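Chain by chain, the residues:
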Amino acid sequence: MASLAVLGNVVRRYCTATARRAACLATALLFAASAWAGPNVLLLWDDDETSVTNHPPQPSELNQYTQSLISALEAAGIVVTLSDHTQGAYDGHHPSPDGFDALIHLNGNTTSAIDHLPTSTVVGLVNYVQNLGGGIITMENTASQINIQSAQYQLSPVMGDLMAIDIAPGAPPAFGTVTLTAVPGEENHPVLRGLSNPFSFTAQRAHSVVRSYASEPATVLLRDEVGLDAVAVRSFGAGRVVSYHHKGNFRSQGTLSPTLSDPNVQQLIINSVLWSD
């Protein structure tokens, strides 16, 4: 985003001549809007395609917890655009992520094991982050889908570049209360701004560990009460990645988890967008 110093330089350069004053005012207003506008975010939603009638859907067509997240993002000054189709049918072009500061990938409320991003879309998202400087926020069940040993059901392993949380051996903890604590030395990271230490919420999570990379390693910011790596960040090329070990939307015995409506989870996502922007 443009800084006030940049705005001042533009104003001084172009406002010296009387004939330029009208154009100067328009330029100043344009730069001021850029300086103070919040990030522009693309949200890949994860409700079933059959539950919506519009493409892109209206927020009111999505589940109540995704609606709550959208409202919290907008209240924080973040502009939210919904993908035309549910995340598993997102083709990388409707809309393209290239015009957005960051992308949030919801990937928990699915009724089919094959409901994952197409490989061509994954390649495009990697380019968006690595080469175009985009930010991405990823959540479980992305890590689980990468680890499926079936060509039909596996999410492209290339997505691992954008999912800094991996699956560790062992069974995941049961659905319920998750308590996260900052890793010593990371308490003041911008992704944790305004959050209590520790903080708790209700969610399903993976039996997780930070993903290992040959270069540009990820940093763990939060671990849960059983010692699992829970939130990790990564600078990847020109862009940034924030990944969680918990699912946003998740159905437990037919009931959708309220995770995305929790104020702590919402603040975590807001901070992640602002840091990755």
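Just above, that's the structure.
Residues numbered from 1 in each chain as written. Predicted model: local features only at pLDDT ≥ 70, side-chain atom pairs only at ≥ 80, totals over all residues. Heavy atoms only, no water.

Visitor: Any chance you could explain the environment of Phe250 here in plain terms?
Guide: Looking at the secondary structure, you find Phe250 in the loop between β11 (239–244) and β12 (251–252). Relative accessible area serves as the criterion here: at 16%, Phe250 is assigned to the buried category. Non-local contacts of Phe250, meaning those with residues more than four positions away in its chain, are made with Gly108, Phe175, Gln204, Thr255, Leu256 and Ser257. (Helix = DSSP H or I, 4+ residues; strand = E, 2+ residues; numbered from the N terminus. Buried < 20%, exposed > 50% of the residue type's maximum accessible area, 1.4 Å probe, protein only. Contact = heavy atoms within 4.5 Å.)

Visitor: Please clarify how the nonpolar core should be interpreted in this entry.
Guide: Considering soluble globular proteins, one finds that nonpolar side chains tend to be buried as a cluster. Among the nonpolar cores identified, the biggest contains 42 residues, and Leu73, Ile104, Leu180, Leu222, Val231, Tyr244 and Ile269 are the most heavily contacted of them. Non-local contacts of Leu180, meaning those with residues more than four positions away in its chain, are made with Asn197, Pro198, Phe199, Phe201, Leu222, Arg223, Asp224, Ala230, Val231 and His245. By size, the runner-up hydrophobic cluster in this structure holds 25 residues, among which are Tyr90, Phe100, Ala143 and Leu155. (Core = buried A, V, L, I, M, F, W, Y, C linked by side-chain atoms within 4.5 Å.)

Visitor: How should I be thinking about the packing of aromatic side chains in this particular structure?
Guide: Two aromatic rings are characterised by how far apart their centres lie and by the angle between their planes. Per the counting criterion, the structure on display carries 2 aromatic pairs. Taking the centre distance of 6.0 Å and the plane angle of 25° together, the rings of Phe199 and Phe201 count as stacked. As far as the burial class goes, Phe199 and Phe201 line up, both buried. Stacked on the ring of Tyr213, the Lys or Arg Arg234 has its end atom at 3.6 Å from the ring centre. (Phe/Tyr/Trp six-rings, centres within 6.5 Å; stacked < 30°, edge-to-face > 60°. Lys NZ or Arg CZ within 6 Å of the ring centre and 35° of its normal.)

Visitor: How do you make sense of helix α3 (residues 64–75) when you look at a structure like this?
Guide: For the α-helix, the turn length of 3.6 residues means that residues three or four positions removed from each other point alike. With 12 residues, α3 should cover 16 Å at 1.5 Å per step; its first-to-last C-alpha distance of 16 Å lies within 8% of that length. Every buried residue belonging to α3 is among Tyr65, Thr66, Leu69, Ile70, Ala72 and Leu73, and all of these are buried. The arc that holds the buried residues of α3, viewed along the axis, is 165°, so those residues lie on one side. Exposed and facing more than 90 degrees away from the buried side of α3 are Gln64 and Ala75. Gly77 lies just past α3 and shows a positive phi near 90°. (Expected span 1.5 Å × (residues − 1). Arc of directions from axis to C-beta.)

Visitor: Please explain the sheet that holds strand β7 (residues 199–203) as it appears in this structure.
Guide: Neighbouring strands of a sheet are bound in pairs by backbone hydrogen bonds; such pairs are parallel or else antiparallel. The strand order across the open sheet formed by 9 strands is β2-β1-β3-β4-β11-β10-β9-β6-β7, and the pairing between neighbours is mixed. Strand pairing shows two members of the sheet lacking a second neighbour, β2 (79–82) and β7, which therefore form its edges. Neighbouring strand axes in the sheet, compared pairwise and without regard to direction, differ in orientation by 25° on average. Pairing of strand β3 (residues 102–105) with strand β4 (residues 135–139) involves 4 bridges; the strand directions are parallel. What sits directly across from Leu103, in β4, is Ile136. In the packing of α3 onto the sheet, contacts are made with β1 (40–44), β2 and β3, and the angle to β2 comes to roughly 145°. Its contacts with the sheet put helix α4 (residues 119–130) on β3, β4, β10 (229–236) and β11, and the angle it makes with β11 is roughly 120°. (Pairing = 2+ DSSP bridges. Axes fitted to C-alpha atoms, helices over the stretch in contact; angles between N-to-C directions.)

Visitor: Help me out: how do you make sense of the packing of α3 against helix α6 (residues 263–276) in this one?
Guide: The description of two helices packed together rests on the angle between their axes and the distance between the axes. One can describe the packing of α3 onto α6 by two numbers: an axis separation of 10 Å at closest approach and a directional angle of 50°. What the angle tells us is that α3 and α6 run oblique. Of the two elements, α3 crosses α6, and the hand of that crossing is right-handed. Contacts between α3 and α6 pair Ser68, Leu69, Ala72 and Leu73 from the former with Gln266, Ile269 and Ile270 from the latter. A class-by-class count of the residues in the contact of α3 with α6 yields 5 nonpolar, 2 polar and no charged. (Parallel < 35°, antiparallel > 145°, perpendicular 65-115°, else oblique. Left-handed = near helix turned anticlockwise from the far one by under 90°. Nonpolar A, V, L, I, M, F, W, Y, C, P; charged D, E, K, R; others polar.)

Visitor: What should I look at first to understand unusual backbone geometry in this one?
Guide: Most peptide bonds are trans, and most residues other than glycine sit at a negative phi. With an omega dihedral of 5°, the bond running from His55 to Pro56 counts as a cis peptide bond. A cis amide bond links Asn197 to the next residue, Pro198, at an omega of 5°. With phi around 50°, Glu216 is a residue other than glycine that occupies positive phi space.

Visitor: Please explain the pattern of salt bridges as it appears in this structure.
Guide: Evaluated as defined, the whole model comprises 5 salt bridges. Notably, a salt bridge pairs Arg211 with Asp166, separated by 3.6 Å at the nearest N-O pair. Placement of the pair is Arg211 in the loop between β8 (208–210) and β9 (219–224) and Asp166 in strand β5 (residues 165–167), with a sequence separation of 45 residues. Judged by its relative accessible area of 12%, Arg211 is buried. For Arg223, the salt bridge goes to Asp229, with nearest N and O atoms at 2.8 Å. (Salt bridge = Lys/Arg side-chain N within 4 Å of Asp/Glu carboxyl O.)

Visitor: Can you help me understand the side chain of His105 in this one?
Guide: Assignment of secondary structure puts His105 in strand β3. Residue classification places His105 among the buried positions, given a relative accessible area of 1%. At 2.8 Å, the side chain of His105 and the side chain of Gln87 are in polar contact. With near-sequence residues (within four places) excluded, His105 lies in contact with Leu44, Gln87, Leu117, Ile137, Thr138, Met139, Thr142 and Met159. (Polar contact = N/O pair within 3.5 Å; in protein donor to acceptor, adjacent residues only side chain to side chain.)

Geometric descriptors of this kind do not, in isolation, establish any biological role.
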